[in-house]
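Commentary on secondary and tertiary structure
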Amino acid sequence: MPHTLTPDYRTNDSPMMALEHPLFADHGIKVWMKRDDLNHPTIQGNKWHKLKHNLEAAKAAGKSTLLTFGGAYSNHIAATAAAGQAYGFQTIGYIRGDELAGRPERWSHTLLTAQQNGMQLHFLSRSDYRLKTQSDFLDTLSAKHSEAYILPEGGTNQAAVQGFKTLSQTIEFQCPNWTHLFTAVGTGGTLAGLVKFATPNPQRHILGVASLKQADYLIPDIESLSGVSYNAAHSPNWRLLTEYCGPGYGQTAPDIEAAQHWFESQFHIPLDSVYTNKMVYGFLQELQSGRLPSGSKVVLYHSGGLQGNPKT
Ligand SMILES: Cc1ncc(COP(=O)(O)O)c(C=O)c1O
């Protein structure tokens with residue numbers, strides 16, 4: 001039986017966990033992790049915040065289907081399929097890589113689960129996939145799927161950004177004196193939402209750790225989505241940290257893996273291997289290079305993504 005969107009779901013909540021460790025005490029900082037890997041059983045982490053207003057908009061527009069785009073390991077594809085299953089929408093995924101068409105034996109766990117959750121999968125060549133933001137390509141798709149509400153890759157749009165309002169308010173309530181907030185960055189929608197809704201305070205810094213290489217091109221998008229310019233004397237101030245992405249998107253390196261392993265074994269909190277691993281690595285590097293002053297109160301945002309971890 002599909003669920004309806006109720007106010008309860010709009011205020012879904014997860015714990016803010018204090019992380020105690022001699023390393024943090026030695027640097028005179030306090031650290032918490034906002035455990036949004038626990039906020040929803042299937043639409044985990046930042047995906048819940050990005051989808052909730054879009055689901056309402058799709059319902060309000062009378063659309064029966066959610067249509068979106070992603071790679072074979074996309075958490076957004078997994079979350080959209082799960083949201084369709086939970087809230088009574090059909091789902092269609094346009095997936096990068098036509099070499100996967102008709103070859104389910106080569107599909108990732110993400111694609112197999114999306115299909116089990118009812119998503120209809122279409123595979124695009126890499127060159128066609130690049131058209132996914134162009135208006136004539138989108139017009140053709142809208143004409144072909146007139147029943148569909150179209151979500152961009154990664155689910156990032158203004159409705160998604162708006163979804164971070166309640167998260168920001170909850171972080172404020174659970175950890176009112178935070179000075180530094182770290183989050184992982186893919187398209188920048190999550191960072192933009194956290195920047196837009198943070199309570200201004202000159203001591204506050206929101207730090208986005210890019211999971212892909214040469215991510216500076218995201219800065220204008222984040223500025224426009226958040227309405228807050230980069231490096232301005234604005235509070236809270238935000239930065240995009242581009243040096244902790246390792247070899248590139250979905251790829252890791254021994255120092256990133258070591259940081260993930262250290263964190264998971266110290267705190268018994270699982271990280272994903274695309275986004276939150278690099279966020280934690282970035283935080284540890286900033287700490288060890290002396291860029292987090294004594295007295296800092298740091299919140300690490302766990303944005304989920306655990307569905308993509310290799311299954312044992
Ligand atoms: C688990 C996880 N964390 C963080 C991100 C980055 O979010 P955004 O695309 O909003 O920057 C993603 C990607 O969508 C993700 O799946």
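Named according to an unreviewed UniProt entry, the protein chain is Pyridoxal-phosphate dependent enzyme originating from Hydrogenovibrio thermophilus. Comment text from UniProt for the protein chain, heading Sequence similarities (unreviewed entry), reads "Belongs to the ACC deaminase/D-cysteine desulfhydrase family." Under the UniProt heading Cofactor (unreviewed entry), the entry covering the protein chain gives this text: "pyridoxal 5'-phosphate".

**Concerning the nonpolar core**
Counting 29 residues, the largest nonpolar core has Trp178, Leu181, Leu191, Ile206, Trp238 and Leu240 as the members making the most contacts within it. When contributions to this core are tallied by element, the ones reaching two or more residues are α9 (164–174), β7 (180–185), α10 (189–197), β8 (205–210), α11 (219–226), β9 (237–241) and β10 (297–302). Broken down by element, the residue count for this core peaks at 5 residues, all from α10. Excluding anything up to four places from it in sequence, Trp178 contacts Ile171, Glu172, Ala198, Arg204, His205, Ile206, Lys297 and Val299. Grouped together as the second largest cluster of nonpolar side chains are 28 residues, Ile256, Phe263, Leu271 and Met279 included.

**Quick look at the site of the ligand**
Close to the ligand lie 15 residues, the nearest being Lys50, Gly186, Thr187, Thr190 and Ser303. Within the contact set of the ligand, an oxygen atom lies 2.7 Å away from a side-chain nitrogen or oxygen of Thr187. Of all the elements in the fold, those that place two or more residues in the shell around the ligand are α3 (46–60), β7 and α10. If one sorts the elements of the shell around the ligand by residue count, α3 sits on top with 3 residues. Per-class residue counts for the shell around the ligand are 3 nonpolar, 10 polar and 2 charged. When residues of the shell around the ligand are sorted by domain, at least three fall in each of domain 1 (7–41 + 161–308) and domain 2 (46–158).

How each quantity is defined
- Residues numbered from 1 in each chain as written.
- Predicted model: local features only at pLDDT ≥ 70, side-chain atom pairs only at ≥ 80, totals over all residues.
- Heavy atoms only, no water.
- UniProt positions renumbered as here; feature names shortened; annotations may be inferred.
- Core = buried A, V, L, I, M, F, W, Y, C linked by side-chain atoms within 4.5 Å.
- Buried < 20%, exposed > 50% of the residue type's maximum accessible area, 1.4 Å probe, protein only.
- Helix = DSSP H or I, 4+ residues; strand = E, 2+ residues; numbered from the N terminus.
- Contact = heavy atoms within 4.5 Å.
- Near = heavy atom within 4 Å.
- Polar contact = N/O pair within 3.5 Å; in protein donor to acceptor, adjacent residues only side chain to side chain.
- Nonpolar A, V, L, I, M, F, W, Y, C, P; charged D, E, K, R; others polar.
- Domains from an automatic or database assignment.

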